[in-house]
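Given next are the chains, with one letter for each unit.
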Amino acid sequence: MRGRLCLIGAGLLLLAGCAEEATPQSVGPAPKVVRLPASAAGGACQLLEYPAIEQAIGTRFEVAAASRHGKTDTCVLRGEAEARPELTLSVTPTTADASIFADEVVPSGGKTVKGLGKAAYRATTAPAKSVGSAVEVGWLAGNGRLVSLRFTFAAGEDEAQADALAPKLINLAKKIDTSSL
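Residues numbered from 1 in each chain as written. Predicted model: local features only at pLDDT ≥ 70, side-chain atom pairs only at ≥ 80, totals over all residues. Heavy atoms only, no water.

J.: So what about the overall build of the protein? Which residues, and what values?
T.: A count of helical and extended segments in the protein gives 4 helices and 7 strands. When the helices and strands of the protein are listed from N to C terminus, the series reads α-α-β-β-β-α-β-β-β-β-α. The buried share of the protein, reckoned over its 181 residues, is 31%. Long-range pairs, those at least 24 residues apart, make up 48% of the contacts in the protein between residues at least 6 apart in sequence. Put simply, the protein shows about 11300 Å² of open surface, and 55% of that area lies on carbon and sulfur atoms. (Helix = DSSP H or I, 4+ residues; strand = E, 2+ residues; numbered from the N terminus. Buried < 20%, exposed > 50% of the residue type's maximum accessible area, 1.4 Å probe, protein only. Contact = heavy atoms within 4.5 Å. Areas by Shrake-Rupley, 256 points an atom, 1.4 Å probe, with all protein chains shown as cover.)

Next comes the structure, spelled out in structure tokens:
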């Protein structure tokens, strides 16, 4: 019985191909692409919005992805077609104070940043094989959160560009309100 049904179905498909061609249907306008806000990804992405980032640092991002590992919430922003540049925000609850932050968290070569949280630093890294230089701003927020905002350039970008971006990244960091996470 099953075999007969398959043969009948195949026959009908062949007969349908012999019928007169249907008149072409008009194709409507292309569908409109909707760009979701970064916050739609959830997690730490709730703290970021594309227009504010573009205004603060001059880079446009189109894709956001959030992740949670343990108690750390992370958000990664990228362009639609390229992996770099990339902006990463990480937020972790902590009991550390400013002294512990300075001793244990600030990387070697990190420079103190004033006016951001209880304590803050900025650091740049040299380019590696597949990525350009990077600049990171880390701070101890007043609500017991350890926060890191890192911008990684595309391959071929040198450390001077990271140094030039640092003040803009610090200004963006000052606008991030971790109290809602």
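J.: Tell me about the packing of aromatic side chains, residues and numbers included.
T.: How two aromatic rings sit relative to each other is set out by the distance from centre to centre and by the angle between their planes. In the structure shown here, the tally under the stated rule is 3 aromatic pairs. Residues Phe101 and Tyr121 carry aromatic rings whose centres are separated by 5.9 Å and whose planes lie at 35 degrees to one another, so their mutual orientation is tilted. Note that Phe101 is positioned in helix H3 (residues 98–105) and Tyr121 in strand E5 (residues 119–125), a separation of 20 residues in sequence. The burial state of Phe101 is the same as that of Tyr121; both residues are buried. (Phe/Tyr/Trp six-rings, centres within 6.5 Å; stacked < 30°, edge-to-face > 60°.)

J.: Could you give an account of the pattern of salt bridges, with specific residues and numbers?
T.: Per the counting criterion, the structure on display carries 7 salt bridges. Between Arg78 and Glu86 there is a salt bridge, with its nearest N and O atoms 2.6 Å apart. A residue is classified by how much of its surface remains accessible, and Arg78, at 32% relative accessible area, is partly exposed. Put simply, Arg122 and Asp163 hold a salt bridge, and the shortest N to O gap is 3.5 Å. With Arg122 in strand E5 and Asp163 in helix H4 (residues 159–175), this residue pair connects regions lying 41 residues apart in the sequence. Each of Glu54, Arg60 and Glu62 takes part in one network of salt bridges that share partners. (Salt bridge = Lys/Arg side-chain N within 4 Å of Asp/Glu carboxyl O.)

J.: Please give an account of the state of the cysteines that cites residues and values.
T.: One pass over the full model with this rule turns up 1 disulfide. A sulfur-sulfur distance of 2.0 Å marks the disulfide that ties Cys45 to Cys75. Note on the Cys45 and Cys75 pair: the S-S dihedral is about 95 degrees, so by sign convention the disulfide is right-handed. In this pair, Cys45 is assigned in the loop between helix H1 (2–18) and helix H2 (50–57) and Cys75 in strand E2 (residues 72–78), connecting sequence segments 30 residues apart. Note on Cys45: relative accessible area 0%, which makes it buried. (Disulfide = S-S within 2.5 Å.)

J.: Would you mind going over the pairing of E2 in detail, with residue names and values included?
T.: Bridging between strand E1 (residues 63–69) and E2 involves 7 bridges; their strand directions are antiparallel. Within E2, the residue paired with Ala66 across the bridge is Cys75. Hairpin connection of E1 to E2: 2 residues between the antiparallel strands, including Gly70 at a positive phi of 65 degrees. Pairing analysis gives 6 bridges linking E2 to strand E3 (residues 86–93), with the strands arranged antiparallel. If you follow Cys75 over to E3, its bridge partner there is Leu89. (Pairing = 2+ DSSP bridges.)

J.: An account of H4 is requested, with residue identities and associated values reported.
T.: Side chains of residues three or four places apart in an α-helix project in the same direction, reflecting 3.6 residues per turn. Along its 17 residues, H4 runs 25 Å from first to last C-alpha, staying within 8% of the 24 Å computed at 1.5 Å per residue. Where H4 bends most, at Ala166, the angle is about 40 degrees, and the proline Pro167 comes one to four residues later. Taken together, the buried positions of H4 are occupied by Ala162, Leu165, Ala166, Leu169, Ile170, Leu172 and Ala173. The secondary structure elements touched by the buried residues of H4 are H2, E3, E5, strand E6 (134–141) and strand E7 (145–152). (Expected span 1.5 Å × (residues − 1). Bend = angle between axes of the 7 residues up to and from the residue.)

J.: Describe the side chain of Arg122, naming the residues involved and giving the relevant values.
T.: In this structure Arg122 comes out as buried when scored by relative accessible area, which is 18%. Dropping the residues within four chain positions of it, Arg122 is found in contact with Gly110, Lys111, Val113, Glu136, Val137, Asp163, Ala166 and Ile170.

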